[in-house]
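Structural description and commentary
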Amino acid sequence: MSAPAIKKRALSLQVNGKRHGPLQVPEDMMLVDVLHDYLGLTGTRLACGQGECGACTVIVDDADGSREVRSCITGAHFFQGKRIRTVEGHAQRDDSGAITALSPVQQAFLDHFSFQCGYCTPGFINAATVLLERLAKSPVAASEVEATITEALDPHLCRCTGYVRYYQAVKALVLDTPGLVRENTR
Amino acid sequence: MTRVGWRRTIAWLLIALLLWLLASALLRFFANRGPLQQVNATPAQIAQGRYLAAAADCVACHTVPGGAPFAGGVPLASPFGTIHGTNITPDAQSGIGRYTSDDFFHTLTRGEARDGHQLYPAMPYVSYKAITRADSDAIYAYLMNQPAVAQKNRRNGVHFPFNIRSGIHLWNLLFAGAEARPASQGESPAWQRGRYLVDTLGHCGECHSPRGALGQVDRKRPLAGNNELGRFAAPDITPQGLAVRGWDAATLQRYLATGIAAPAVASDEMLTVVQVSTSRLRHDDLAAMTTYLLGDKPPASKPVQLATAAATALEPGRQHYLQLCSGCHGRDGEGVPHVAVALRGNSSVRDADPHNLVVAILDGLPEHDFPGLERMQPMPGFARDLDDADVAALANWLRVRYGAQAGSVQADAVRAVRTKHHD
């Protein structure tokens, strides 16, 4: 049984606010490879390659808001016409493209010394960003903050075991950002 | 009849009812008063009892995952409501501490508890009725030598009128006694042993046999599959049903022993069965079960056929496959060990009924932990990313390409499966 011949198809998508394409991309190529090899966006990390570790996570923005998608197991053509954000898209930049300010999540991870090798960090940044955006739309009760953060970060693996400091950084950010937490009703 | 005659009849009926209530109350009173049983058994007898309890799959319904062994509480969904497995530890109040071996054998084979109350047929006494007295006594000796756990039994959620337990006596009269037809042809000693393990101890037919309107097992079509019990259907495991989906003796035995074989991995409730029951059985017993399931003269298993030329009509489904499935199941359905099953020749893909395939696509699957160190990764559900027509297109691509099935899945059928979930 031979594999079917590789065919290319046109792909247009929006990454970090910038339109790309149409690109001629093999129909079975995963998004992470398009980000690396076609768009030169190498910040997204490929680690397990089977959707288990979360390092390759990108953000998809659609009508329902933002959500995480694993770019190593999701075909690039799934993103036809979609808007996505990668780790390169969070910081503020000036007209020359130089970074002027990090996003609150990025800054919190630096302030809390959350990572060592940093390989998992793009995934954690995107997961925490999606969480903050969700809480801005539907805040949680103060008593549920810890469980909510655990649930959001739990699927992401860090082999330097930076979990505690990632967790502390996100918790501090959630509690310090106005509008994300409801007072306990009882 | 005169008015006085009517009054007399009603009065006699009332007296009879009162006597019956009094009698059952007394029975219950004394049943709860009997002496605590002490069962002395040799380590060999207890080991034999443990083995038979595994073969009878007691844990699946009587032990909550992570809970005290045999303390009950597992909910069983049925079309008549939710029923809970009971405490079968030797606890005096909630468990079976006052049961004698006679009581135990009676309950196991007739479905009547020591205090006289009738069990729901969710307890598979209809299957267990052929358990030998020696095997019942061994299981009894094992259970009575387990730690007693004082855990109250949970209330059942059975709807009216099925919650009137006396009605089950009538049900028993109609359905419990009938001798089951064997699911295959055979007469060898292995086939006989396999029949006892599959039909009696393993009570496979309780899930895998179709049932009638009153929940009775259809004796004419043993093990022909049942899609009425849970989210997933229990597939057809008759010799013919297995053979056309690519099963043979070797793959079937590996599946029962490990949960992983070329045509499928065990999922959902069957994963529990493999974990707590079949993986703990000796290889000769698994071989006997396989012999019974396929018969003394097994039908030839149908080889996997890949459709070569992909029809244009299937192209949308192929694109969904490449975008959402191929990352884990492989570029062309070959699967990835320890991650995701091969879809080429997969038993659910080859099933004429697409139900389980559609459920898996919509709902996804949790992580699977198999006996030993083997595992499969969780699968996300695609109910959000794929609409009904998309799911039908994907299912049809998989069925035609990897399963030699017709691409006949319609969006309506997908919608029915999708909305059934939200009942």
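A quick note: this is a predicted structure, and the numbers were derived from the prediction, not measured.

Here the focus is the confidence of the model for chain B. Across chain B, the average pLDDT comes to 92, with 99% of residues at or above 70. Under the prediction, the complex receives an ipTM of 0.91, its pTM being 0.90.

Attention shifts here to the interface of chain B and chain A. With 13 residues of chain B at the interface, the matching set in chain A holds 15 residues. Tallied by class, the residues present in the side of chain B that touches chain A amount to six nonpolar, five polar and two charged.

On to the sheet that holds strand S3 (residues 157-158) of chain B, then. Residue and element names in this part refer to chain B. As summarised here, the arrangement of the three strands in space is S1-S2-S3, forming an open sheet in which the pairing is antiparallel. With one partner strand each, in any of the chains shown, strand S1 (75-78) and S3 form the two edges of the open sheet. Bridging between strand S2 (residues 81-84) and S3 involves two bridges; their strand directions are antiparallel. Bridge pairing in S3 places Thr 82 opposite Gly 157.

Moving on, we get to the domain arrangement of chain B. Along its sequence, chain B is organised into domain 1 (1-31), domain 2 (35-152 + 162-176), domain 3 (189-294) and domain 4 (312-420). The C-alpha centroid of domain 3 of chain B is placed 47 Å from the C-alpha centroid of domain 1 of chain B.

Below, the discussion takes up the domain arrangement of chain A. All names here are of chain A. Here chain A is described as being made up of domain 1 (8-89) and domain 2 (92-186). Averaged C-alpha coordinates put domain 1 and domain 2 at centres separated by 21 Å. Between domain 1 and domain 2, the residue contacts involve 16 residues of the former and 15 residues of the latter. Secondary structure elements with two or more residues in the side of domain 1 that touches domain 2: strand S3 (57-62) and strand S4 (65-70). Among the elements that line the side of domain 1 that touches domain 2, the one with the most residues is S4, at four residues. The residue inventory of the side of domain 1 that touches domain 2, partitioned by class, reads seven nonpolar, six polar and three charged.

What follows concerns the sheet that holds strand S1 (residues 8-15) of chain A. Residues and elements named next belong to chain A. Pairing in this open sheet of five strands is mixed, and the strands run S2-S1-S5-S3-S4 from one edge to the other. If you trace the sheet from one side to the other, it starts and ends with strand S2 (18-26) and S4, each paired once. Neighbouring strand axes in the sheet, compared pairwise and without regard to direction, differ in orientation by 40° on average. Here three bridges tie S3 to strand S5 (residues 83-85), and the two strands are oriented antiparallel to one another. Among the inter-strand pairings, Asp 61 is bridged to a residue of S5, identified as Arg 83. Those strands touched by helix H3 (residues 121-137) are S3 and S4, and its axis lies near 155° from that of S4.

It is worth spelling out the packing of helix H2 (residues 104-111) of chain A against H3(A) at this point. Residues and elements named next belong to chain A. At a minimum axis distance of 9 Å, the contact between H2 and H3 shows a crossing angle of 125°. Between H2 and H3, the interaxial angle falls into the category oblique. The handedness of the crossing between H2 and H3 comes out as right-handed. Of the residues in H3, those in contact with Val 105, Gln 106 and Phe 109 of H2 are Thr 121, Ile 125, Ala 128, Thr 129 and Leu 132. The residue makeup of the contact of H2 with H3, split by class, is five nonpolar, three polar and no charged.

Residues and elements named next belong to chain B. As for its placement among the helices and strands, Val 244 is situated in helix H10 (residues 239-244). On the basis of neighbour counts, which here come to 18 C-beta atoms within 10 Å, the residue Val 244 falls in the partly exposed class. Taking the C-alpha atoms as reference, Val 244 lies 6.1 Å from Ser 301; in sequence the two are 57 residues apart.

Residue and element names in this part refer to chain B. Across four bridges, the pairing between S1 and S2 is antiparallel. The residue bridging Ser 78 from the neighbouring strand is Gly 81, located in S2. In sequence, S1 turns back onto S2 through a hairpin of two residues.

This part covers the nonpolar core. All names here are of chain B. Among the nonpolar cores identified, the biggest contains 140 residues, and Val 358, Leu 394, Ala 395 and Leu 398 are the most heavily contacted of them. The leading source of residues in this core is helix H16 (residues 388-403), at nine residues. In this structure Leu 398 touches Tyr 321, Leu 343, Val 349, Leu 357 and Gly 403, once residues within four positions along its chain are discounted.

Criteria and cut-off values
- Residues numbered from 1 in each chain as written.
- Chains lettered and ligands numbered in written order.
- Predicted model: local features only at pLDDT ≥ 70, side-chain atom pairs only at ≥ 80, totals over all residues.
- pLDDT = per-residue confidence, 0-100.
- Contact = placed C-beta atoms within 7 Å.
- Nonpolar A, V, L, I, M, F, W, Y, C, P; charged D, E, K, R; others polar.
- Pairing = 2+ DSSP bridges.
- Helix = DSSP H or I, 4+ residues; strand = E, 2+ residues; numbered from the N terminus.
- Domains from an automatic or database assignment.
- Axes fitted to C-alpha atoms, helices over the stretch in contact; angles between N-to-C directions.
- Parallel < 35°, antiparallel > 145°, perpendicular 65-115°, else oblique.
- Left-handed = near helix turned anticlockwise from the far one by under 90°.
- Buried ≥ 20, exposed ≤ 12 C-beta atoms within 10 Å, placed from the backbone.
- Core = buried A, V, L, I, M, F, W, Y, C linked by C-beta atoms within 7 Å.

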